[in-house]
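In case you want the letters, here they are:
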Amino acid sequence: MSDLLIELFSEEIPARMQARAAQDLQKLVTNGLVEAGLTYASAAAFSTPRRLALTVEGMLDASPAVVEERKGPKADAPEKAIEGFLRGAGLTRDQLEERDTPKGKILFAKINKPGRPAAEIVAEVLETTIRNFPWPKSMRWGSGSLKWVRPLHSIVCILTGEDGAEIVPMEIDGIQSGDITYGHRFLAPDVIKVTGFEDYEAKLARAKVVLRADARAETILNDANNLAFASGMEVVEDAGLLAEVAGLVEWPVVLMGNIADDFLGLPPEVLQTSMKEHQKFFSVRNPKTGRIERFITVANRTTADEGATILAGNEKVLSARLADAKFFWENDLRVATSKDGMATWVKALENVTFHNKLGTQAELIERMAVLAGELAPMVGAKKEEAMEAARVAKADLSSEMVYEFPELQGLMGRYYASAAGMSDAIAAAAQEHYAPLGPSDDVPTAPVSVAVALAEKIDKLTGFWAIDEKPTGSKDPFALRRAALGVIRILVENELVFSFSAVVHTSYAKIINSVVNTIAVFKEHKIGSGDTAYETYSLVGGLDELDGGLVDEILFTEFKGRQEGVGHHEGTWVGDDKATLRQLDSVEKIKADLLSFLHDRLKVYLKDQGIRHDIIDACIAMEGNDDLTLLVKRARALSETLKTDDGENLIQGFKRANNILTQAEEADGVEYSYGADVKFAETDEERALFKALDDAEAVITPAMEKQDFTTAMSAMADLRGPVDAFFDAVQVNSDNPTVRRNRLNLLSRIRSICSSVADLTLITG
């Protein structure tokens, strides 16, 4: 057994590529070794800014010898066919074996492939790996043909066995493999000769190189926390930044610097974002005030002055960066607190396209405002406040701060809305209306925020459905799946009960309005006393084909100032405008298709909570399935019921009753749904089932009216005992036709009562 050590030493590898590159190196090399017959016990890959390393332990010294049997042509085949087979196998005619088969005599070759030494295989695999390495971006340098992320300087490739270490000989574009590596670029740049992985890692550590990225990250985090704690502060943890910084240094030295007093009044998020994006600094917060007052930087070396010079330079650069941020902040505050306030930014969004078929950002905002107003009473918000919140929610997109730091959109809107004197609810909605962005994000709970968040997401879904820009396969460029999941989570987690389809209808009307405005051409002219009317040159004829004249209605409403008696003047279509309008689906189709999409996303959402697809389907099949909150409550109650023995066994009894009833109805050509009468019952089990059904119906009917699904499901599960007893003791298809008909009608009651809770025919198992 041998151990393999590989190191690829280069100029600095971008931090974002290092972890994936280490994984790719391990995968490509180990897969290549196994395919060549070299198995191993374990493997691990490492990365630093200047090197990728791989260790493979317990590897075979040589690939095993194998005998390959190859089937050839028939023994009496043409000579040329046999000669071709011999050339491919590398054998002579007398080395072939002739065998009798059902198809006649066939020639077979046995090819002995001797094992190959590990060094030979490793050299081939490593060269293939280097030449075909999947870097996101790579470069060539000098006159060679090799591509690497940055110029490759040296290759360590050694096998260590019982006899000691040996270099695996290989050469790539003039780079010879060896057993030489290098330490820290500044602190220990001398040559290091290594004999194996343990020796390699230990010597690198002495040469100021921490090989393991997780060890560098741990050092950075611990030292940063200790420095902050010593000053009565706390580090604002950022896992992404920590991983990136660990990829920027080989010997992390943590330093803490000060932020100038001039910038301490900036919002903490602005300070944190500016320092992270531009300088890769960690923020240090004063827990008493909540302000960001210091920063942590990570140097790649020690210095005689203990980092004083490094800190001085960083503080100077940071001041310049924060001066820009302060300038943006102060300018934005002047706009937000001016006479026109945030309306100035909303006005600017009239020139920003949201989508070429759905109008501008300003039109999106107005649609959101109308829809938020419709939603407000349903979610417990004031209509006027919800509409105002929607109109300023995206205003910060025009601000200088968000232009510089797009990731602060929404958050800055909250600050600016507060500065403009708006209510806390409106300010919160500016930040929270984007939520949730991910499955683990909190959903908005404040009524105004909920109204605006739902309006934004429903408008997006309805709009892109209207212009037929739906997600396909793995492609979802407008994040519509995320929007759908956001709608589901906001409704369900806030227990909001209303018809989703009705809201889509309202949203769709505003969407058509935007599409019409986008492609319409208006000509202004004077009439009478100077009132303004509009004459369309692009929207004539064919509009009645769309949704029963809905577009016509919107068009005439939109022609502001058009007085009675002013005609609708005919003009000409522009380009493909007519085709664009005709592509709009009817509102009923939109509602049905979009609801189906939400149901699909709901299945994913509930599956993560342990609710089976068939249970969800059984609930979706019921009336009122466009109320997603009630749908989820029904599914959860049914899921819990089916986890009990009574619930699970009742399903079997229900299916048995339904199967018998269905077969009888098909055979008799009648529907057994009326007339079950206890006076025709012949057995105690029949009479007990009549009573159990009466009792269950008395509980289930009012429970369903109150949408108390848990009580209804529990009452349904209580039928398990009487139903089982009935089937054990009673033969449904009695020789007495009156008794048979009565029993079939009794089965119909079982089906009817159970089906009032969910469509149990869709439950599997």
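Residues numbered from 1 in each chain as written. Predicted model: local features only at pLDDT ≥ 70, side-chain atom pairs only at ≥ 80, totals over all residues. Heavy atoms only, no water.

**With respect to the overall build of the protein chain**
The criterion, for reference: For helices the rule is a DSSP run of H or I covering at least 4 residues; for strands it is a run of E covering at least 2, with both sets numbered from the N terminus onward. Note on method: radius of gyration uses C-alpha positions; expected globular size equals 2.2 Å times residues raised to 0.38. Relative accessibility under 20% of the residue-type maximum defines a buried residue, over 50% an exposed one, and the middle range a partly exposed one, all with a 1.4 Å probe and only protein chains included. Note on contacts: a residue pair is in contact if any heavy atoms of the two residues lie within 4.5 Å.
A tally of regular secondary structure across the protein chain gives 27 helices and 20 strands. In terms of overall size, the protein chain is more extended than a compact globule, its C-alpha atoms giving a radius of gyration of 37 Å where 765 residues would be expected to give roughly 27 Å. A principal-axis box enclosing the C-alpha atoms of the protein chain has dimensions of 95 × 90 × 65 Å. Of all 765 residues assigned to the protein chain, the portion counted as buried reaches 47%. For the protein chain, the proportion of contacts with a sequence separation of at least 24, taken over those separated by at least 6, is 69%.

**Topic: the environment of Gly669**
Relative to the elements of secondary structure, Gly669 occurs in the loop between helix 23 (645-668) and helix 24 (684-705). Since its relative accessible area comes to 64%, Gly669 is described here as exposed.

**Here we look at unusual backbone geometry**
Residues Ala435 and Pro436 are joined by a peptide bond in cis, for which omega reads -5°. Examined against the element boundaries, Pro436 turns out to sit in the loop between helix 14 (424-432) and helix 15 (447-466).

**What about the pattern of salt bridges?**
Selection rule: Between Lys or Arg on one side and Asp or Glu on the other, a salt bridge is scored when a side-chain nitrogen of the former is within 4 Å of a carboxyl oxygen of the latter.
According to the stated counting rule, one finds 40 salt bridges in the structure shown. Residue Arg291 is joined to Glu293 by a salt bridge in which the shortest nitrogen-to-oxygen separation is 3.3 Å. A relative accessible area of 35% means that Arg291 is categorised as partly exposed. Across the salt bridge formed by Asp694 and Arg749, the nearest N and O atoms sit 2.9 Å from each other. Of this pair, Asp694 sits in helix 24 while Arg749 sits in helix 27 (residues 737-755), and the two are 55 residues apart along the sequence.

**Quick notes on the sheet that holds strand 5 (residues 97-101)**
Counted only if it meets this: For two strands to be treated as a pair, DSSP must find no fewer than two bridges joining them. Interaxial angles span 0 to 180 degrees and are taken between N-to-C directions of axes, which are lines fitted to C-alpha atoms, for helices over the stretch in contact.
Reading across the sheet, the three strands line up as 4-6-5 and stay open at both edges, with antiparallel pairing between neighbours. Taken across any chain shown, the strands that pair with only one partner, and hence form the sheet edges, are strand 4 (66-74) and strand 5. Direction aside, the axes of adjacent strands within the sheet are offset by 35° on average. Pairing of strand 4 with strand 6 (residues 104-113), which is carried by seven bridges, proceeds in the antiparallel orientation. Each bridged residue has a counterpart across the sheet, and for Glu69 the counterpart in strand 6 is Lys110. Its contacts with the sheet place helix 2 (residues 79-89) against strand 4 and strand 6, and it is angled at close to 170° to strand 4.

**Brief notes about the nonpolar core**
Definition in use: We define a nonpolar core as any set of buried Ala, Val, Leu, Ile, Met, Phe, Trp, Tyr and Cys residues linked to one another through side-chain atoms lying within 4.5 Å.
Membership of the largest hydrophobic core comes to 144 residues, with the highest contact counts inside it found for Leu454, Leu461 and Leu638. Val29, Val125, Ile155 and Ile175 belong to the second largest nonpolar core, which has 35 residues in total.

**Overview of the confidence of the model for the protein chain**
Short version of the rule: Each residue carries a pLDDT score, the predictor's confidence in it, ranging from 0 to 100.
In the predicted model, the protein chain carries a mean pLDDT of 86, and the fraction of residues at 70 or more is 90%. Ignoring residues within four places in sequence, the model shows residues 520-584, a span with pLDDT below 50, making 104 contacts including any to other chains.

**A closer look at the environment of Trp141**
In this fold, Trp141 is placed in the loop between helix 3 (118-131) and strand 7 (152-161). Judged by its relative accessible area of 24%, Trp141 is partly exposed. In the structure, Trp141 is positioned 10 residues away from Pro151 in sequence and 6.5 Å away in space, judged by C-alpha atoms. If near-sequence neighbours (up to four positions away) are discounted, Trp141 is found in contact with Leu146, Lys147, Trp148, Arg150, Pro151 and Leu152.

**Description of the packing of aromatic side chains**
Put simply, the test is: Each aromatic pair joins two rings of Phe, Tyr and Trp (for Trp, the six-membered one) with centres within 6.5 Å, and gets the label stacked for planes under 30 degrees apart, edge-to-face for over 60, and tilted for any other angle. Any Lys NZ or Arg CZ that is within 6 Å of a ring centre and within 35 degrees of that ring's normal is treated as a charge sitting over the ring.
Taken as a whole, this structure holds 15 aromatic pairs when the rule is applied. A ring pair is formed by Phe281 and Phe295, whose centres lie 4.6 Å apart and whose planes are at 10°; its orientation type is stacked. Residue Phe281 is located in the loop between helix 7 (268-279) and strand 15 (282-285), and its partner Phe295 is located in strand 16 (residues 292-299); the two are separated by 14 residues in the primary sequence. Per residue, the accessibility class of Phe281 equals that of Phe295, and both read buried. A ring pair is formed by Trp465 and Phe597, whose centres lie 4.7 Å apart and whose planes are at 50°; its orientation type is tilted. One end of the pair, Trp465, is in helix 15; the other, Phe597, is in helix 20 (residues 587-607), and 132 residues separate them in sequence. One aromatic cluster in this structure is built from Trp329, Trp345, Tyr415 and Tyr416. One cation-aromatic arrangement involves Arg99 over Phe108; the distance from NZ or CZ to the ring centre is 4.3 Å.

**Examining the sheet that holds strand 13 (residues 234-235)**
Judged by pairing direction, the sheet is antiparallel, and its four strands sit side by side in the order 13-15-16-14 without closing on themselves. Strands with a single pairing partner mark the edges of an open sheet, and in this sheet they are strand 13 and strand 14 (253-258). Alignment of strand 13 against strand 15, held across two bridges, turns out to be antiparallel. Bridge assignment links Glu234 to a residue of strand 15, and that residue is Arg285. In the packing of helix 7 onto the sheet, contacts are made with strand 15 and strand 16, and the angle to strand 16 comes to roughly 15°. Sheet strands in contact with helix 8 (residues 308-336) are strand 14 and strand 16, and its direction is about 125° off that of strand 16.

**Describing helix 23**
Rule in force here: By this rule, a helix spans an expected 1.5 Å times one less than how many residues it contains.
When the terminal C-alpha atoms of helix 23 are compared, their 34 Å separation across 24 residues agrees well with the 34 Å that a helix rising 1.5 Å per residue should span. Within helix 23, the full set of buried residues consists of Gly647, Leu650, Ile651, Gly653, Phe654, Lys655, Ala657, Asn658, Leu661, Ala664 and Glu665. Close packing links the buried residues of helix 23 with helix 22 (628-642), helix 25 (709-717), helix 26 (720-729) and helix 27. At the C-terminal side of helix 23, Gly669 shows a positive phi close to 70°.

**Describing the side chain of Asp614**
Basically, it comes down to this: Under this definition, polar contacts are N or O atom pairs within 3.5 Å; protein pairs additionally need one hydrogen-donor-capable and one acceptor-capable atom, and for neighbouring residues in sequence, both atoms have to be side-chain atoms.
Considering the arrangement of structural elements, one finds Asp614 in helix 21 (residues 613-620). Judged by relative accessible area, which is 9%, Asp614 ranks as buried. There is a polar contact of 2.8 Å between the side chain of Asp614 and the side chain of Arg612. Looking at Asp614, its side chain comes within polar contact range of the main-chain nitrogen of Thr764, at 3.0 Å. Sequence-distant contacts of Asp614, defined by excluding residues within four places in its chain, comprise Leu762, Ile763 and Thr764.

**A look at the packing of helix 7 against helix 8**
Worth spelling out the cut-off: Angles below 35 degrees are treated as roughly parallel, those above 145 as roughly antiparallel, those between 65 and 115 as roughly perpendicular, and all remaining angles as oblique. Should the near helix be turned counterclockwise from the far one by less than a right angle, the crossing is left-handed, whereas a clockwise turn marks it as right-handed. Throughout, the ten residues Ala, Val, Leu, Ile, Met, Phe, Trp, Tyr, Cys and Pro are labelled nonpolar, Asp, Glu, Lys and Arg are labelled charged, and all others, Gly among them, are labelled polar.
The interhelical angle for the contact between helix 7 and helix 8, taken along N-to-C directions, is 125°, at an axis separation of 10 Å. Taken together, the axis directions place helix 7 and helix 8 in an arrangement best described as oblique. Judged by the twist between their axes, the crossing of helix 7 over helix 8 is right-handed. Residue-level inspection shows Val270, Leu271, Ser274, Met275, His278 and Gln279 of helix 7 in contact with helix 8, the latter providing Asn314, Val317, Leu318, Arg321, Leu322 and Ala325. The residue makeup of the contact of helix 7 with helix 8, split by class, is seven nonpolar, four polar and one charged.

**Observations concerning the pairing of strand 16**
With seven of its eight residues buried, strand 16 lies for the most part within the structure. Relative to strand 16, strand 14 is paired through six bridges, and the arrangement is antiparallel. Counterpart to Leu255 in the pairing with strand 16 is Thr297. Strand direction decides the pairing type here: strand 15 and strand 16, joined by four bridges, are antiparallel. When the sheet's bridge partners are listed, Arg285 is paired in strand 16 with Ile292. Two successive antiparallel strands, strand 15 and strand 16, enclose a turn made up of six residues, where Gly290 displays a positive phi of approximately 80°.

**Digging into the state of the cysteines**
Among covalent bonds in proteins, the disulfide is the one between the sulfur atoms of two cysteines. Filter applied, for reference: The disulfide criterion used throughout: a pair of cysteine sulfur atoms within 2.5 Å.
Taken as a whole and judged by the stated rule, the model has zero disulfides. Here Cys754 is not disulfide-linked; the sulfur of Cys619 is the nearest cysteine sulfur, at 14 Å. According to the relative accessible area criterion, Cys754 is buried, its value standing at 0%.

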